[in-house]
Amino acid sequence: MTRSQRQSDVVVIGGGLAGLSAAADLAGAGLTVTLLEARPWLGGATCSFARRGLTIDNGQHAFMRCCRAYQDLLRRLGSLDSCAMQDRFELAVLGPRDQLIVRRSALPAPLHLTGALAGYRLLSPAQRARAAAAAAALRFSSHAGRRADDVSLGDWLAAHGQDDMSRRLLWDLLSVTALGITSDHADRALVAGAATRALFTGRASADIGVPAVPLSKLHGAPAATLLNQLGVRLRLGTKAAGVRVAARGGYDVRLDRYAPAAGELETAGGAPVLDARAALTGGPEIIHAAGVVLAVPAWAAVPLAPAELAPDAERWQQLKPSPVLSLHVIYASQVTELPFAAAVGSPVRWVMDKTRPAGLHTGQYLAASVPAAEKYLDWPVSRLGAELLPELERLFPAAADTDVEDFFVTRERRAVIRQVPGSQPLRGSQPAGLPGLALAGAWTDTGWPDTMEGAVRSGHLAALKVAGELSSELASEVASEVASEVAEPPGPLALPPAPTGTALRGVVVRPPAGLARAGAHDFPGPE
Ligand SMILES: Cc1cc2nc3c(=O)[nH]c(=O)nc-3n(C[C@H](O)[C@H](O)[C@H](O)COP(=O)(O)OP(=O)(O)OC[C@H]3O[C@@H](n4cnc5c(N)ncnc54)[C@H](O)[C@@H]3O)c2cc1C
């Protein structure tokens, strides 16, 4: 089949960080790409909505300097400068009775954190000494070549002399940050790998970056610009219903429709940027393509996958989601000078000052996240406020002396996969025997936890597979373009330079009608 007979060389299904990374790679190398995204915006699990004049993120997102593929994507989108990146790792840790600042030194890794551990006064000196020994053993275990086992980090730590208090006040900080679950439940090998990258290799690896603008401006809007410039056909508000191996070769992608309600899309300056409505009118019900990248979450990939992948899909189906509840509090006056902080021994794990990114001019807006929030997920907002606002007052005593001007929550019921022992073999691997078909998504087997970095890496890997398997001279072009990006250290990943050009007009999106209730926003995904 010639290219002109195809409707598209490649269809990418899903416009999260994985899908847009894959689409950019493939289009950048000259392939004709159509990207289908069920929602009316790009960015997937990283999105924003408007509320009372502010731009609110669905959940707070941070990254570390070791997340190089993600930072390269930001550079390519022209939005790396819209993040605040630490010069040197420093983290306020709010404990049950004490607070401290953890800093790295200028010593080479892993010695750069020995002072921080020695001064971690939430634990006794004896507990700190035992923690140092366990950290060395964990680092060694990550080099032992075992990528998955049935041991939770908690059990492993207990066997390495870590008592309950050490696990709660130190190790949960690492585990929740890396995987979004406490050490008692976390997959040991995955935490060990993440800790090795962030803490034990390179003294700057754990430096923290946070967005200084809403996520929609950091990812979704600039991605739409980039993909438009690369000639990608963006089909927003268009849901794929199934992928089938076509008898004539290639794949047929069957479309469904996800219709945004009136007023769901708002564009600054009056000019529509993400023209979902245009995508909703007309267009084929089936798109034929030589290649397909399935870049949707695991639970959405199961019904989409071609029949040939049924055994794989049965495994993906066993992956469980882990929810994140985000508390959004607008205080009448400033309650903390910290830009962000981590809490231990509390259901609230991370708190971020979102005042400026959201566009608040008086008072302070704190976003606090409660990962692995099964317990709280269906509580009404009033009950969540009664239980968790006092917790924020405990963490930030000045909050008790000021008024709460607004309090609302966002619930991501399927924020990430639950990365428990035994979950790693269930993650998606690239399908063999189906040339031109690839999986992408932070849930796939990238060796990284379900994170933005994992999503971007998975997109590059998917593009590499699809391009490599399409019989075209373009394959070698795209292969050389992305091969370096998916390689592990050494050296920063080299993505093609970001095209210069028009800046995108600001886009403000609202969650789909029916999902927004007074004070609560659910992001269950389009399925
Ligand atoms: C509240 C929260 C906080 C987080 N915090 C962090 C953090 O601090 N740091 C970090 O690194 N990571 C964090 N993560 C995880 C990170 O956001 C995800 O790992 C990453 O964004 C996933 O990207 P993805 O492209 O794999 O999937 P997604 O972003 O889920 O994208 C998949 C896309 O596919 C679309 N889709 C689904 N079905 C269909 C269909 N049938 N047809 C067309 N489109 C479809 C969806 O609408 C979606 O846009 C957080 C996640 C959440 C929810």
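Each chain has its residues counted from 1, running along the sequence as written. Only residues with pLDDT of at least 70 get local features here, since the model is predicted, and only at 80 or more are side-chain atom pairs given and counted; chain-wide, interface and lining totals rely on the full set of residues. Side-chain numbers here rest on the full set of heavy atoms in the structure, without hydrogens or water.

Novice: Explain the nonpolar core here, please?
Specialist: Soluble, globular proteins show a tendency: their nonpolar side chains are buried together. Leu26, Tyr120 and Val293 are the most contacted members of the largest nonpolar core, which has 91 residues in total. Among the nonpolar cores identified, the runner-up in size contains 30 residues, and Ala240, Val243, Leu309 and Leu437 belong to it. Residues enter a nonpolar core if they are buried and are Ala, Val, Leu, Ile, Met, Phe, Trp, Tyr or Cys, with the set joined through side-chain atoms within 4.5 Å. Exposure categories follow from relative accessible area, calculated using a 1.4 Å probe and restricted to protein chains: below 20% of the type maximum is buried, above 50% is exposed, and the middle band is partly exposed.

Novice: Explain the site of the ligand here, please?
Specialist: One heavy atom within 4 Å of a molecule or strand makes the whole residue count as near it. Within the structure, the ligand sits among 36 residues, and Glu37, Ala45, His61, Ala442 and Asp450 are positioned closest to it. For this analysis, a polar contact is any N or O atom pair within 3.5 Å, provided that within protein one partner can donate a hydrogen and the other can accept it, and provided that sequence-adjacent residues contribute only side-chain to side-chain pairs. Between the ligand and the protein, one listed contact pairs an oxygen atom with a side-chain N or O atom of histidine 61 at 2.8 Å. A distance of 2.6 Å separates an oxygen atom of the ligand from a polar atom in the side chain of aspartate 450. Accessible surface area values rest on a Shrake-Rupley calculation with a 1.4 Å probe, where residue burial reflects the displayed protein chains alone. When the ligand is considered free in solution it has 1,000 Å² of accessible area, and contact with the protein chains removes 91% of it. Only DSSP runs of H or I covering at least 4 residues are called helices, and only runs of E covering at least 2 are called strands; the numbering of each starts at the N terminus. When contributions to the shell around the ligand are tallied by element, the ones reaching two or more residues are α1 (17–28), β2 (33–37), β11 (238–245), α10 (298–304), β19 (404–417) and α14 (452–469).

Novice: Quick question: what am I supposed to make of the side chain of serine 166 here?
Specialist: Along the chain, the position of serine 166 falls in helix α6 (residues 164–179). Note on contacts: a residue pair qualifies if any of its non-hydrogen atoms lie within 4.5 Å across the two residues. In this structure serine 166 touches Leu123, Gln127 and Trp171, once residues within four positions along its chain are discounted.

Novice: Could you clarify how one ought to interpret the pattern of salt bridges in this entry?
Specialist: Think of it this way: side chains of opposite charge can pair up when their charged atoms draw near. By definition, a salt bridge exists where a carboxyl oxygen of Asp or Glu is found within 4 Å of a side-chain nitrogen of Lys or Arg. As enumerated under the stated definition, the model contains 22 salt bridges in all. For arginine 167, the salt bridge goes to aspartate 184, with nearest N and O atoms at 3.4 Å. Remark: aspartate 184 occurs in the loop between α6 and α7 (188–200) and arginine 167 occurs in helix α6; sequence separation between them is 17 residues. In this structure, aspartate 184 and arginine 168 form a salt bridge, with 3.2 Å as the shortest nitrogen-oxygen distance. Placement of aspartate 184 in the loop between α6 and α7 and of arginine 168 in helix α6 is noted, with a sequence separation of 16 residues between them. Residue class for aspartate 184 comes out partly exposed when judged on its relative accessible area of 32%. Each of Asp164, Arg167, Arg168, Asp172 and Asp184 takes part in one network of salt bridges that share partners.

Novice: Is there a simple way to explain unusual backbone geometry in this structure?
Specialist: Excluding glycine, residues mostly have negative phi values, and the peptide bonds linking residues are mostly trans. Cis geometry is adopted by the peptide bond preceding proline 110, which originates at alanine 109 and carries an omega value of 0 degrees. Look at arginine 52: it is not a glycine, yet its phi comes out positive at around 45 degrees. Within the secondary structure layout, arginine 52 lies in the loop between β3 (48–51) and β4 (54–57). Overall, arginine 52 belongs to the exposed group, its relative accessible area being 67%. Notably, alanine 372 is not glycine yet its phi reads approximately 45 degrees, a positive angle. Looking at the element boundaries, alanine 372 is found in the loop between β18 (364–371) and α13 (381–395). Note on alanine 372: relative accessible area 30%, which makes it partly exposed.

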